Amino acid sequence: MRYSIVLPFIAVTVFAAPLEERQAACKVPTTFPTTANSKLPNPFKFFDGTDVKTKADFECKNKEVSAAIQNQELGVFPTTAKTTATYSGGTLSITASDNGKSTSFTVSIKGASAANSPAIIAYGAASIPVPAGVATIVFNNDQIGAQQGQASRGKGKFYDVYGADHSAGALTAWAWGVDRIIDALEATTGHNIDTKKIGVTGCSRNGKGAFVAAALVNRIALGIPQESGSGGAACWRVSDSEKAKGKNIQTASQIVTENVWFSKNFNAFSTKANTVATDHHQLAGMVAPRGLIVIENEIDWLGPVSTTACMKAGRLIYKALGVPDNMGFTGSGNHGHCSFPSNQQADLTAFINKFLKGQDANTANIEKGPTADVASYIDWTAPTLT
Ligand code: MCU
């Protein structure tokens with residue numbers, strides 16, 4: 001970026017530091033607030049109380065949010081792995097090593113018929129229709145981090161490298177797997193995939209995973225979490241308030257007993273989710289300014305009011321960054337869990353066309369869901385970040 005400051009008689013050109021340098025200058029804390037706050041935390045204030053005023057400030061804020069959410073909810077997301085890979089006949093074979101340990105897994109690639117094809121990494125199998133011209137990369141996430149109830153904590157290929165006691169919950173382990181898939185695509189040829197046009201999807205528990213992968217892996221161009229509900233598009237605080245109103249909704253206190261999606265660290269917050277330093281509107285904020293289309297259902301357990309309010313707050317972050325159309329959420333009822341209904345097709349198509357196919361598609365103002373008054377869950381206003 002270059003600014004020209006015109007002074008009388010002289011023109012001075014000032015070069016702003018490149019992005020990496022500005023990010024390196026971020027002060028990322030190592031301890032995080034646990035102050036009770038029933039409102040959604042202010043995404044435009046650093047934990048030390050300073051205001052987030054610029055887009056560069058927001059990049060730093062995202063680093064602090066990422067550190068906090070890893071510390072309190074997700075567990076540590078390792079970024080030091082080395083990846084080697086081979087590609088042959090639709091199979092990408094990946095070996096990842098770190099700390100002197102290694103593990104191997106494969107993913108299958110289908111539908112990459114033309115050079116520079118976009119692709120969607122699908123957790124398990126895609127439960128959205130993947131259009132022609134977009135490849136599907138099938139990722140067996142359960143292999144990387146098991147999700148078979150409490151006894152499965154620390155099991156899977158991620159933990160073969162980092163140890164069964166590593167703080168990462170399954171959602172984080174899977175995101176690490178996604179990061180390795182992209183490394184592997186970058187290291188090989190012949191697969192026809194353009195690594196700048198990669199989306200990630202999954203439904204329900206795997207939707208939570210797709211959301212977290214989009215947040216943690218910044219090489220993902222489009223996040224497509226489907227019916228992720230609690231632990232994904234829902235905000236812990238809004239879900240607790242819905243539960244208090246008598247709804248049969250999944251909350252933090254239930255989710256930690258059901259499975260190992262989150263870090264063990266999150267157990268300490270399960271009955272006081274109002275003390276977590278962040279909430280999931282900021283999970284959307286971590287994806288910003290990249291593409292994000294959040295697909296939801298109206299099943300009580302998933303918290304339709306919570307996901308709607310939470311993602312409305314998420315869109316306020318995108319708006320503040322000047323890219324409101326890079327995020328949308330589309331909720332729809334009266335269909336089976338994870339059976340994609342035709343009335344969400346146009347919204348999904350627009351996001352895929354824009355962020356994966358590079359077309360000029362209209363993704364403006366996609367906010368569909370039940371009535372949810374976001375103003376009642378926030379006590380801040382979104383600035384225009386300069
Ligand atoms: C919506 O995702 C989960 C939900 O969080 C769980 O409580 C429930 O048991 O399973 C859902 C799911 O993954 O369904 C396939």
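Being a predicted model, the structure only gives us computed values, none of them experimental.

A. Spatial organisation of unusual backbone geometry. Cis geometry is found at the peptide bond from Ala288 to Pro289, where omega equals 5 degrees. Assignment of secondary structure puts Pro289 in the loop between helix H9 (281-287) and strand E10 (291-297). A positive phi angle is found at Ser204, which is not glycine, with a value near 65 degrees. Looking at the element boundaries, Ser204 is found in the loop between strand E8 (193-203) and helix H6 (205-216). We classify Ser204 as buried; its relative accessible area is 18%. Phi is positive for Asn365, close to 55 degrees, though the residue is something other than glycine. Position of Asn365 relative to the elements: it lies in the loop between helix H11 (345-355) and strand E12 (367-368).

B. Structural detail: the packing of helix H7 (residues 236-244) against helix H10 (residues 304-320). Running from N to C, H7 and H10 point in directions that differ by 145 degrees, and their axes come no closer than 9 Å. Every pair of crossing elements has a handedness; the one defined by H7 and H10 is right-handed. Where H7 abuts H10, its residues Val238, Ser239 and Glu242 lie against Val305, Ser306 and Ala309. Here the contact of H7 with H10 is composed, by residue class, of three nonpolar, two polar and one charged.

C. Geometry of the packing of aromatic side chains. What the rule picks out here adds up to 14 aromatic pairs. Between Tyr123 and Phe139 the ring centres are 5.3 Å apart and the planes differ by 85 degrees, which places this aromatic pair in the edge-to-face class. Here Phe139 lies in strand E7 (residues 135-139) and Tyr123 lies in strand E6 (residues 117-123), a separation of 16 residues in the sequence. Residue Tyr123 is classed as buried on the basis of its relative accessible area, which comes to 1%. Overall, the relative accessible area of 0% leaves Phe139 in the buried class. Summarising the aromatic geometry, the rings of Phe158 and Trp176 are spaced 5.4 Å apart at their centres and angled 85 degrees between planes, so their arrangement reads as edge-to-face. One end of the pair, Phe158, is in helix H4 (residues 157-162); the other, Trp176, is in helix H5 (residues 170-187), and 18 residues separate them in sequence. Within the aromatic cluster, the residues linked to one another by ring pairs are Phe105, Tyr123, Phe139 and Trp174.

D. Region of the structure containing H10. Across its 17 residues, H10 extends 24 Å between first and last C-alpha, which sits within 8% of the 24 Å expected from 1.5 Å per residue. Just beyond H10, the residue with positive phi is Gly322, at close to 80 degrees.

E. Molecular detail of the pattern of salt bridges. Within the structure shown, the criterion is met by 14 salt bridges. The partner of Glu242 in a salt bridge is Lys247, with the nearest N and O atoms 2.6 Å apart. On the basis of relative accessible area, Lys247 is assigned to the partly exposed category, the value being 34%. Salt bridges sharing partners connect three or more residues here, namely Asp179, Arg180, Asp183, Glu186 and Arg219.

F. A look at the sheet that holds E7. The strand order across the open sheet built from 10 strands is E3-E4-E5-E7-E6-E8-E9-E10-E11-E12, with neighbouring strands paired in mixed fashion. Whereas interior strands pair on both sides, the edge strands pair on one side only; in this sheet they are strand E3 (82-88) and E12. Relative to E8, E6 runs parallel, the two sharing five bridges. Within E8, the residue paired with Ala122 across the bridge is Thr201. On top of the sheet, H10 reaches E10, strand E11 (327-332) and E12; it is set at about 165 degrees to E11, its chief contact. H11 contacts E6, strand E9 (222-226), E10, E11 and E12 of the sheet and is inclined by roughly 165 degrees relative to E10.

G. The arrangement of the site of the ligand in detail. Taken together, the neighbourhood of the ligand is formed by Ser204, Arg205, Lys208, Glu227, Ser228, Gln250, Glu258, Trp261, Trp301 and His337. Arg205 places a side-chain nitrogen or oxygen 2.6 Å from an oxygen atom of the ligand. Lys208 is positioned such that a nitrogen or oxygen atom in its side chain is 2.7 Å from an oxygen atom of the ligand. When isolated, the ligand has an accessible area of 370 Å², and the protein chains bury 77% of it. Classifying every residue of the shell around the ligand by side-chain character gives two nonpolar, four polar and four charged.

H. Molecular detail of the state of the cysteines. All chains considered together, the criterion is met by three disulfides. Between Cys26 and Cys60 runs a disulfide, and the two sulfur atoms are separated by 2.0 Å. Residues Cys26 and Cys60 are joined through a disulfide that is left-handed, its torsion about the S-S bond being -80 degrees. With Cys26 in the loop between helix H1 (19-24) and helix H2 (55-74) and Cys60 in helix H2, this residue pair connects regions lying 34 residues apart in the sequence. Cys60 matches Cys26 in its accessibility class, with the two residues each being buried. Here Cys203 engages in a disulfide with Cys338; their sulfurs sit 2.1 Å apart. One disulfide, between Cys203 and Cys338, carries an S-S torsion of -95 degrees and so falls in the left-handed class.

I. Structural detail: the UniProt feature "domain: 4-O-methyl-glucuronoyl methylesterase-like" (unreviewed entry) in the protein chain. When the UniProt feature table is mapped onto this chain, "domain: 4-O-methyl-glucuronoyl methylesterase-like" (unreviewed entry) is found at residues 94-322. Secondary structure content for residues 94-322 is 35% helix and 22% strand, and the end C-alpha separation is 38 Å.

Definitions and limits used
- Residues numbered from 1 in each chain as written.
- Predicted model: local features only at pLDDT ≥ 70, side-chain atom pairs only at ≥ 80, totals over all residues.
- Heavy atoms only, no water.
- Helix = DSSP H or I, 4+ residues; strand = E, 2+ residues; numbered from the N terminus.
- Buried < 20%, exposed > 50% of the residue type's maximum accessible area, 1.4 Å probe, protein only.
- Axes fitted to C-alpha atoms, helices over the stretch in contact; angles between N-to-C directions.
- Left-handed = near helix turned anticlockwise from the far one by under 90°.
- Contact = heavy atoms within 4.5 Å.
- Nonpolar A, V, L, I, M, F, W, Y, C, P; charged D, E, K, R; others polar.
- Phe/Tyr/Trp six-rings, centres within 6.5 Å; stacked < 30°, edge-to-face > 60°.
- Expected span 1.5 Å × (residues − 1).
- Salt bridge = Lys/Arg side-chain N within 4 Å of Asp/Glu carboxyl O.
- Pairing = 2+ DSSP bridges.
- Near = heavy atom within 4 Å.
- Polar contact = N/O pair within 3.5 Å; in protein donor to acceptor, adjacent residues only side chain to side chain.
- Areas by Shrake-Rupley, 256 points an atom, 1.4 Å probe, with all protein chains shown as cover.
- Disulfide = S-S within 2.5 Å.
- UniProt positions renumbered as here; feature names shortened; annotations may be inferred.

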